[in-house]
Amino acid sequence: MKFVDEFRDAGLGRVLSGEILATVEPGRHYKLMEVCGGHTHSIYKYGVDDLLPANVELVHGPGCPVCVIPMGRVDDGIALAHEPDVIFTCFGDMMRVPGAHGTLLEAKAEGADVRMVYSPLDALRIAKANPDRETVFFAIGFETTAPSTALTLMRAKAEGVPNFSVMCNHVTIVPPLRALLESPDLRLDGFIGPGHVSTVVGARPFEFIPAQYGKPCVIAGFEPLDILHAIHMILAQLAEGRCEVENQYTRVVPYEGNRKALEVMAEVFELRPHFEWRGLGFISQSGLKLSEAYAGLDAERRFAVPGVRVADPKACQCGEVLKGVIKPWECKVFGTACTPERPIGTCMVSSEGACAAYYNYGRFAREREVV
Amino acid sequence: MTSGRPDAPVSDREQRILGIIETARAKRPKFRDERITMAHGAGGKATQTLIEGLLVPALSTGSLEELGDSGTVTIDGLGLAMTTDSYVVRPIRFPGGSIGELAVNGTVNDLAVAGARPMALTVSLVLEEGLDATVLREEVEAIAAAARAAGVEVVAGDTKVVERGHADDMYICTAGLGRLDERATLSPAGLAPGDRILLSGPVGDHGTAIMLARGEFELDAPIASDTRSLWPVVDALLESAGSAVHCLRDATRGGVASVLNELARASGVAMLVREEAVPVEAAVAGAAEILGIDPMYVANEGKLVAFVAPGDADAALAAMRAIPGCERAAEIGEVRTQPPGMVLVETAFGGRRVMDQLVGDPLPRIC
């Protein structure tokens, strides 16, 4: 595939791998966090971590939008889906995320009309095709997907679609990063910045990471060479004693972001005072809700949403795993109360989360040290 | 990954936890779900739990336990293979085929990969009230044509009609009977470290064709289903390599990745796949890229995976390639000992990863 294969060239990968090896200080252990779930996926898919020296460790960040949705919000969604005459729409991967009382997939099997869509516009289309029923879109994601939800709401309002509403679970990336960085026991040396989010917000919002917390941050693309390149850029900063935001993904990310997208978000959304993150607890000003001008399209106002709060079991230590303080197997509930079949925290929900990966591939991970 | 690069030797506690996980994973899964969801039909972990946790314990007295594509019975010294399958694909027509053709080839292929020459089929039709007779006529024609092409006779059948809304146009159930070929000694237990993994052609055509035929993606690509009888290629494999062919599998629902995982688990061996060696049509690779799916997990309806002793692998591969439709057959990897039960991939980029069982399927009702 043209314009894709170029960024997956194994020969160039080996060259970069050699450069990385030449940049690291032997004996020093590096922990770098890739913030975005998309990066985690690429790292896993291409085996990128296999090309890194043993003393460079990648830690998966909190940036998987599906995994961070707390159980209570899933339960609220399920309650909404069971409302009579509701068509409940969401992205496919959301359907398997368990709340305290099952998944949306199970709600569908119980008779709820749950439909998978690929874009919020599909949900709006369903609403227009079924004028005698209510269509609800369960919106999730960071600033990457929020603009498309915003545009859909603007269109629904302009066209006066009376039977469409959105249950908004959009979150923003900076507050959870700040929460991580605030922690005194953080063991991270640098950040691979979220490429997709940055296409919208730009690189500037990440300047606080080097400025206030002294950690390098490199915004990266999603192909394996992008990721290796970004890792090299972070390690070079550390080696040269620099600490700044750099943009590896210049072919897509403008430093100032996408003004149009930011404008539509500002019109449609406003910050919630706080929002709960699975495994991480409440983080202030980290979630979005519909602004007053769009209140009529807010599913949480239109329906009696129960507002379920399911406290994460105290023993869940996702936060510590994310901060790199403990390994997955050191968590008190790992493999017992928390398994891929019945996950508690975000790290176990996604198959690529640190805990799920360790649960599934732990033995292999050990053996490859020996191979 | 946090787990991937331990910086200290394995502690006792970690060792113990790994042990607990391994014991839990090795246990036969228990079927605890309260309702059937679409995931139970997707061919991944939920399907496995349904089969191994409910069906096998309740029904098995022998041959079923092996969970092969067909069961075998011996009657007065005559080895027979039997299988059955239901077809609920939506839409019933798609580029490269239709439900009628699929209903014949799918069942024929389950017999073929058991090393049995397909002989006879039964066909049950479940028709929806209101179905256009022209459509039915064409599907019956498709069944007849596919049966002729595969050299099987339809020997019995049944028809049922259900109320409108209770079936999508039509469902078809077929059962097949085949005669076990004397050249064949196929079994998951026959897998041996060193065996080469051969694949009969490009992967992902059928599932991708169905996905695009549903028109949900506003994507258009010249991709046709690969539905065809696999008996000719099985025949060629057995002729060229005989008992050196240790096991065959039909890579349908869940794709090649699921077949490899099932066998690795069943036989306690490991498999190593070289991603670069796996043939994928450019259009399928492009569609998979856009949709974010891995062609290794996408269904095929005319592709088999063969495990052949290393000394005979080249001859077997050459024999496969001589069969029409299998010109792009390839050796994609090999059987190993460590780590048991796991499938590893050497990615084209040069890293390695685990190719796991499918957890969910974004696309139900592909066959």
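Residues numbered from 1 in each chain as written. Chains lettered and ligands numbered in written order. Predicted model: local features only at pLDDT ≥ 70, side-chain atom pairs only at ≥ 80, totals over all residues.

## Overview of the domain arrangement of chain A
All names here are of chain A. For clarity, the cut-off: Residue ranges labeled as domains rest on an automatic or database domain assignment. A pair of residues counts as a contact when their C-beta atoms, built from backbone coordinates, are separated by no more than 7 Å. Numbering goes from the N terminus for both helices and strands, where a helix is a DSSP run of H or I of at least four residues and a strand is a run of E of at least two.
Structurally, chain A comprises domain 1 (1-311) and domain 2 (318-365). The straight-line distance from the C-alpha centre of domain 1 to that of domain 2 is 20 Å. In this complex, domain 1 contributes 24 residues to the contact, which on the side of domain 2 involves 15 residues. For the side of domain 1 that touches domain 2, the secondary structure elements donating two or more residues are α2 (37-46) and β2 (56-63).

## Quick word on the packing of helix α6 (residues 231-241) of chain B against helix α9 (residues 313-321) of chain B
When two helices pack together, their arrangement is given by the angle between their axes and by how far apart the axes lie. All names here are of chain B. This is how it is decided: Axis definition: a line fit to C-alpha positions, over the contact stretch in the case of helices; interaxial angles, taken between N-to-C directions, run 0 to 180 degrees. These descriptions rest on fixed angle ranges, namely under 35 degrees for roughly parallel, over 145 for roughly antiparallel, 65 to 115 for roughly perpendicular, and the rest for oblique. Left-handed describes a crossing whose near helix is turned anticlockwise from the far helix through less than a right angle; right-handed describes the clockwise counterpart. Side-chain classes are defined by residue name, with Ala, Val, Leu, Ile, Met, Phe, Trp, Tyr, Cys and Pro counting as nonpolar, Asp, Glu, Lys and Arg as charged, and the others, Gly among them, as polar.
Direction vectors running N to C along α6 and α9 enclose 150 degrees, while the axes themselves pass 8 Å from each other. Relative to α9, α6 is oriented roughly antiparallel. When you trace α6 past α9, the crossing you get is right-handed. Contacts from V233, A236, L237, E239, S240 and A241 of α6 reach α9 at A315, A316, A319 and M320. Grouping the amino acids of the contact of α6 with α9 by side-chain chemistry returns eight nonpolar, one polar and one charged.

## Let's talk about the pairing of strand β1 (residues 71-75) of chain B
All names here are of chain B. Condition: For two strands to count as paired, DSSP must find a minimum of two bridges between them.
In this structure, β1 lies alongside strand β2 (residues 78-87), joined through five bridges in antiparallel fashion. Each bridged residue has a counterpart across the sheet, and for T72 the counterpart in β2 is A81. What sits between β1 and β2 in their antiparallel hairpin is a turn of two residues, with D76 showing a positive phi close to 50 degrees.

## Quick notes on helix α10 (residues 224-240) of chain A
Two residues of an α-helix separated by three or four positions point the same way, owing to the 3.6 residues in each turn. All names here are of chain A. Our working rule: By definition here, a helix of n residues has an expected span of 1.5 Å times n minus one. Backbone-placed C-beta atoms define the burial measure: a residue is buried with 20 or more other C-beta atoms within 10 Å of its own, exposed with 12 or fewer, and partly exposed in between.
Over its 17 residues, α10 extends 24 Å from the first C-alpha to the last, a length consistent with the 24 Å expected when each residue adds 1.5 Å. Judged by how many residues are buried, α10 sits mostly within the fold: 13 of 17 residues are covered. With its phi angle positive at about 70 degrees, G241 sits one or two positions after the end of α10.

## What about the sheet that holds strand β4 (residues 113-116) of chain A?
Residue and element names in this part refer to chain A. As summarised here, the arrangement of the four strands in space is β4-β3-β5-β6, forming an open sheet in which the pairing is parallel. This sheet does not close on itself; its edge strands, each paired only once, are β4 and β6 (164-170). Adjacent strand axes in the sheet meet at a mean angle of 25 degrees when their direction is disregarded. Where strand β5 (residues 134-141) and β6 come together, seven bridges link them in parallel fashion. Paired with A139 across the bridge in β6 is C168. Each of β3 (86-90), β4, β5 and β6 is contacted by helix α5 (residues 120-129), which is oriented at about 175 degrees to β5, the strand it contacts most. Contacts from helix α6 (residues 146-159) reach β5 and β6 within the one sheet, and its direction differs from that of β6 by about 160 degrees.

## Structural notes on unusual backbone geometry
Glycine aside, residues mostly have negative phi, and peptide bonds are mostly found in the trans state. For the peptide bond that leads from R90 of chain B to P91 of chain B, omega is 0 degrees, which places it in the cis range. Along the chain, P91 of chain B falls in the loop between β2 and β3 (93-94). A cis geometry characterises the amide bond from Q338 of chain B onward to P339 of chain B, with omega recorded as -10 degrees. Mapped onto the elements of the fold, P339 of chain B is located in the loop between β12 (330-336) and β13 (343-346). Even without glycine at this site, D85 of chain A takes up a positive phi of about 65 degrees. Even without glycine at this site, D169 of chain B takes up a positive phi of about 65 degrees.

## Looking at the confidence of the model for chain A
Residues and elements named next belong to chain A. Condition: Each residue carries a pLDDT score, the predictor's confidence in it, ranging from 0 to 100.
Here chain A shows a mean pLDDT of 90. Residues at 70 or above account for 96%. Summarising per-element confidence for chain A, the mean pLDDT is lowest in helix α15 (residues 354-370) (65) and highest in strand β8 (residues 217-219) (98). Low pLDDT, under 50, characterises residues 366-371; the stretch is placed with five contacts to residues that sit more than four places away or in other chains.

## A word on the domain arrangement of chain B
Where the parts come together, the accessible area they lose is often given as the size of the interface. Residues and elements named next belong to chain B. The domain boundaries assigned to chain B delineate domain 1 (68-180) and domain 2 (188-354). Taken together, the contact between domain 1 and domain 2 spans 21 residues of the former and 22 residues of the latter. Elements represented by at least two residues in the side of domain 1 that touches domain 2 include exactly α3 (99-112), β5 (116-128) and α4 (133-150). It is α3 that contributes the most residues to the side of domain 1 that touches domain 2, eight residues altogether. Considering only residue class, the side of domain 1 that touches domain 2 consists of 11 nonpolar, six polar and four charged.

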